[in-house]
Amino acid sequence: MTARERVRSTQRSLEFVVGSSAIFWGAAALFAGLVLVAVINRYIPMASAVRGTLPVLAVLAGLGLCGWMLWQGRFAWSFDKVALWIEERAPELRYALVTAIDPRYADSVATLMEPTVSRVDTGVFVRKAAQRTTLPALAALLVTSAIFFFAIPKNWLPKTSLNEAFSGLHTPRVIGNRLTPLSGTLTPPAYTHLRTQQLRNPSTISGYLGSQVVLTGHGEPDGIKVTLGVPNMPATELPVTAGEEGWRVAFTIKDTLGMLLKLTDRKYQQLIVVDPRIDQAPEARLLLPARDTTLRTITGSLTLSAEFTDDIGLGKATFTYIIANTGEGDAAQARLGTLGTRELGGTGGSFSLTIPYSSLGLKEGDQLSVRAVILDNNTLTGPDSGFSETRTIRIARKSEYDSLSINAAPPSADTAIMSLRMLIIATEKLDKQKAKLPRPEFVAQSQKLAGQSEIVRQKIQRILDEQTGGGEIAANPLLTTALNAMWEATRSLNIAETGEAIPQMYIALKALKQYSNEKKYFPRGQLKVPLVNIDRVRMTGTDTGTATPRLAWPAVPSGKDRLRMEYTQAISYIKAAPDSAIATFTVMRVEALKPFPKLAAALGEAVTAIQTGKDATMPLLQARRELDGKSISVDTLPPWSGIW
Amino acid sequence: MVADFVFATAMYESGDWESASLLPANLIDSIARYTSLPVAPKGADVSLGTDQIFDYPFVWLTGHLPVRFTDAERKNLKKYVERGGFLMLDDHNHDMDGIFHKTAKEEVERLFGPMKTVPNNHTIYNCFFKFSDGPPATSHELNGWGDNLIHKELHAVMYGDRIGLLYSNKDYSSEWNFHPDTKRESTVDVTRFGVNMIVYALTR
């Protein structure tokens with residue numbers, strides 16, 4: 001290889017090293033720029049327009065650095081400078097190489113210099129140069145590109161990419177429907193101790209008030225609009241942000257009304273019903289005392305017992321009392337207080353206690369009212385409270401009864417109710433054991449209960465006889481109902497059909513309770529009041545007053561009328577535009593959630609059936625029935641109006 | 001045929017519902033004196049826990065003792081007021097610290113939510129007699145009975161502008177609880193506001 005060939009070869013290698021280094025550094029700068037801006041955007045979100053220009057800027061930065069590196073290494077494109085570069089690294093040549101390639105000495109001393117030049121391995125110098133420049137550039141490129149592709153979210157850049165920035169030069173990318181598939185989570189409020197639910201393409205989001213909902217989809221967030229509101233009222237727009245793998249929207253279920261979540265992505269739309277579940281107030285049932293009482297003496301103990309239920313969790317249970325005394329005149333004095341407190345938990349519980357009457361400081365004429373009170377664990381909007389019925393224990397005054405008198409027996413209807421209640425409890429208990437007990441034993445126990453049932457029936461018969469005066473007055477229909485029901489119950493128990501007896505006993509109980517309410521004896525009875533002689537006083541007043549005309553109240557628009565109209569319209573275009581019909585039914589469903597839950601349920605089934613391509617006839621018919629009410633049967637046909 | 005208006009007094013289990021036993025006769029007398037409304041000469045006592053109350057467009061409820069409605073009474077009361085009935089609930093103690101007021105207010109607000117103040121220019125104050133200053137004070141208020149306050153406003157469960165349940169701390173039960181014949185001895189008939197209540201209930 002001559003000296004000129006050697007320098008030429010070295011020059012080619014150096015051109016490759018400098019060029020590749022420049023390219024690698026330029027690319028590394030491009031990725032490093034994008035990574036830096038992505039990190040900044042994470043903490044200081046940039047506007048979409050700014051993010052759209054970043055790829056262009058990064059390319060320009062990369063090109064700039066590449067150009068600068070090429071400029072720095074421009075010597076590699078000069079033959080003479082490459083020779084000087086070699087001379088610089090091999091001082092032992094003593095400019096032999098430069099002389100050898102000089103065209104002025106080509107014919108004379110070039111051949112004399114060849115042995116000296118050939119002793120120098122220029123490849124070493126090129127390799128060292130590559131190690132110093134190309135390898136670090138390659139490493140920087142690999143690192144920055146790895147960070148960009150694997151650590152930065154793919155969607156942080158809007159798709160106004162380099163291609164679209166030079167729109168017209170390339171075909172724009174087609175973005176499909178970013179609203180499907182839809183996923184997310186629903187996190188109930190902490191006090192409910194309920195787990196987070198996963199959501200997959202939900203058509204309804206149902207959660208307790210205070211639940212946090214997060215919905216995510218693929219693609220970038222720009223251009224997606226999400227609103228939440230009551231149908232036909234102004235809705236609130238929710239912010240849509242970039243998530244880890246796409247777009248993200250979050251909201252809290254705050255309102256007790258059903259709401260419509262509307263997602264729009266260009267021509268695509270999705271409607272989701274937000275059905276808030278209300279934390280129900282807890283319920284309390286006072287078991288003891290079982291009924292109101294009047295005491296002659298303040299002795300003995302008061303036993304209180306109550307059971308409580310709640311849909312989520314019970315809190316504190318307590319018994320409260322009021323002791324009131326009207327005194328001898330009109331002045332009423334009262335004391336309030338609580339008797340015992342217990343923290344319950346779970347969704348069901350009970351609480352009992354017994355206290356001596358003497359501890360309450362009662363005296364003659366006092367009226368002690370007790371009830372059970374329960375709180376739930378709602379820390380968001382509550383706690384909610386539940387109250388039981390009130391039981392009243394009156395302390396009779398000596399002047400109210402004669403020393404020879406005997407406490408009046410409680411009204412007969414009440415004793416029948418008490419016996420019937422015990423009978424129902426016993427029958428239900430036996431009915432539950434039907435599968436476990438041997439048949440002969442079951443029959444024997446059922447027949448024992450039939451005997452008890454017969455006693456209750458006879459009590460009701462006696463009440464009926466008292467009421468009718470032995471048949472002189474028409475029987476009270478409630479007593480007749482109770483009597484007939486107990487006949488049936490007794491018959492069923494005699495043949496060991498406990499399942500048939502129980503409903504009859506409940507019918508009898510309900511009728512007796514209603515009868516008992518109507519015939520309740522109030523403590524002070526009814527007093528004689530004067531009868532007004534209307535004819536004597538008619539229009540004798542001197543102050544005549546001024547009658548003002550009656551105002552007609554405006555008709556309250558029925559929610560169902562409007563829903564009926566919307567339903568009819570939706571049915572008319574259900575085949576031509578099923579998506580529009582689905583949207584209409586979804587909006588109707590939100591409006592009907594609270595006032596007409598059965599209609600909402602039927603519409604929900606109809607929407608699901610239409611969306612999945614199944615037959616929606618039955619749910620649509622059900623919705624129509626809910627809107628129109630039950631069909632009315634007419635005894636006669638309308639007059640014939642046909643044309644003969 | 002037009003049925004007579006029957007003045008109904010609510011019977012409820014927990015208290016002394018009959019504490020103003022002469023009030024019905026007094027107001028019946030006033031209705032007959034000042035208006036041409038056909039009115040029955042005697043009032044009726046109706047149990048709040050039964051469907052009987054739905055036969056009467058106007059019901060009076062008063063007492064001194066704690067008010068603790070039963071479930072049936074609560075259910076009936078809510079339905080009655082929502083369907084257009086008019087219930088007048090008067091504290092016979094005239095005491096905002098009293099047990100009737102505390103318990104009755106709790107029961108009403110449990111069923112209907114917080115009560116609203118009736119503005120003094122409401123229709124009820126001018127539908128027959130004119131009361132330009134709002135509800136007339138009672139002698140018990142003026143004499144410092146009970147809580148020693150003159151309550152200048154009444155409260156109500158309202159549906160828009162319509163009063164469904166009118167609540168009073170002014171003790172009209174004591175004010176009007178006298179025999180109708182003694183009315184002629186007063187220069188100003190104190191039962192006139194009662195006439196407004198009944199006319200409002202029947203015509204609004």
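Residues numbered from 1 in each chain as written. Chains lettered and ligands numbered in written order. Predicted model: local features only at pLDDT ≥ 70, side-chain atom pairs only at ≥ 80, totals over all residues. Heavy atoms only, no water.

Caption draft 1: The arrangement of the interface of chain A and chain B in detail. Listed as interface residues are 44 residues of chain A and, on the opposing side, 56 residues of chain B. Counting the surface lost from both chain A and chain B, the interface buries some 4400 Å², and carbon and sulfur atoms represent 57% of this. Joining chain A to chain B, the criterion identifies 1 salt bridge. Residue glutamate 106 of chain B is joined to arginine 371 of chain A by a salt bridge in which the shortest nitrogen-to-oxygen separation is 2.9 Å. (Contact = heavy atoms within 4.5 Å. Buried area = accessible area lost by both parts, 1.4 Å probe. Salt bridge = Lys/Arg side-chain N within 4 Å of Asp/Glu carboxyl O.)

Caption draft 2: A look at the packing of aromatic side chains. Residue and element names in this part refer to chain B. On inspection of all chains with the given rule, the structure shows 20 aromatic pairs over all chains. On the numbers, 6.1 Å between centres and 80° between planes, the contact of tyrosine 12 with phenylalanine 69 is edge-to-face. Of this pair, tyrosine 12 sits in the loop between β1 (8–11) and α1 (23–34) while phenylalanine 69 sits in the loop between β3 (58–63) and α2 (71–82); the two residues are 57 residues apart in sequence, bridging distant segments of the chain. With 5.4 Å between their ring centres and 80° between their planes, phenylalanine 131 and phenylalanine 193 make a pair best called edge-to-face. With phenylalanine 131 in the loop between β5 (116–117) and α4 (139–142) and phenylalanine 193 in helix α6 (residues 192–203), the pair connects residues that are 62 residues apart, well separated along the chain. Using a relative accessible area of 10% as the deciding quantity, one classes phenylalanine 131 as buried. (Phe/Tyr/Trp six-rings, centres within 6.5 Å; stacked < 30°, edge-to-face > 60°. Helix = DSSP H or I, 4+ residues; strand = E, 2+ residues; numbered from the N terminus. Buried < 20%, exposed > 50% of the residue type's maximum accessible area, 1.4 Å probe, protein only.)

Caption draft 3: Summary view of the packing of helix α13 (residues 559–572) of chain A against helix α14 (residues 578–592) of chain A. All names here are of chain A. In contact at an axis separation of 9 Å, α13 and α14 are set at 165° when each is read in the N-to-C sense. Considered as vectors, α13 and α14 are oriented roughly antiparallel to each other. Crossing of α13 against α14: the hand is left-handed. Where α13 approaches α14, its residues Arg562, Leu563, Glu566, Tyr567, Ala570 and Ile571 are matched on the opposing element by Ala581, Thr584, Phe585, Met588, Glu591 and Ala592. (Axes fitted to C-alpha atoms, helices over the stretch in contact; angles between N-to-C directions. Parallel < 35°, antiparallel > 145°, perpendicular 65-115°, else oblique. Left-handed = near helix turned anticlockwise from the far one by under 90°.)

Caption draft 4: A look at the side chain of serine 14 of chain B. All names here are of chain B. The residue serine 14 is located in the loop between β1 and α1 in this model. A relative accessible area of 3% means that serine 14 is categorised as buried. There is a polar contact of 3.1 Å between the side chain of serine 14 and the backbone oxygen of proline 66. (Polar contact = N/O pair within 3.5 Å; in protein donor to acceptor, adjacent residues only side chain to side chain.)

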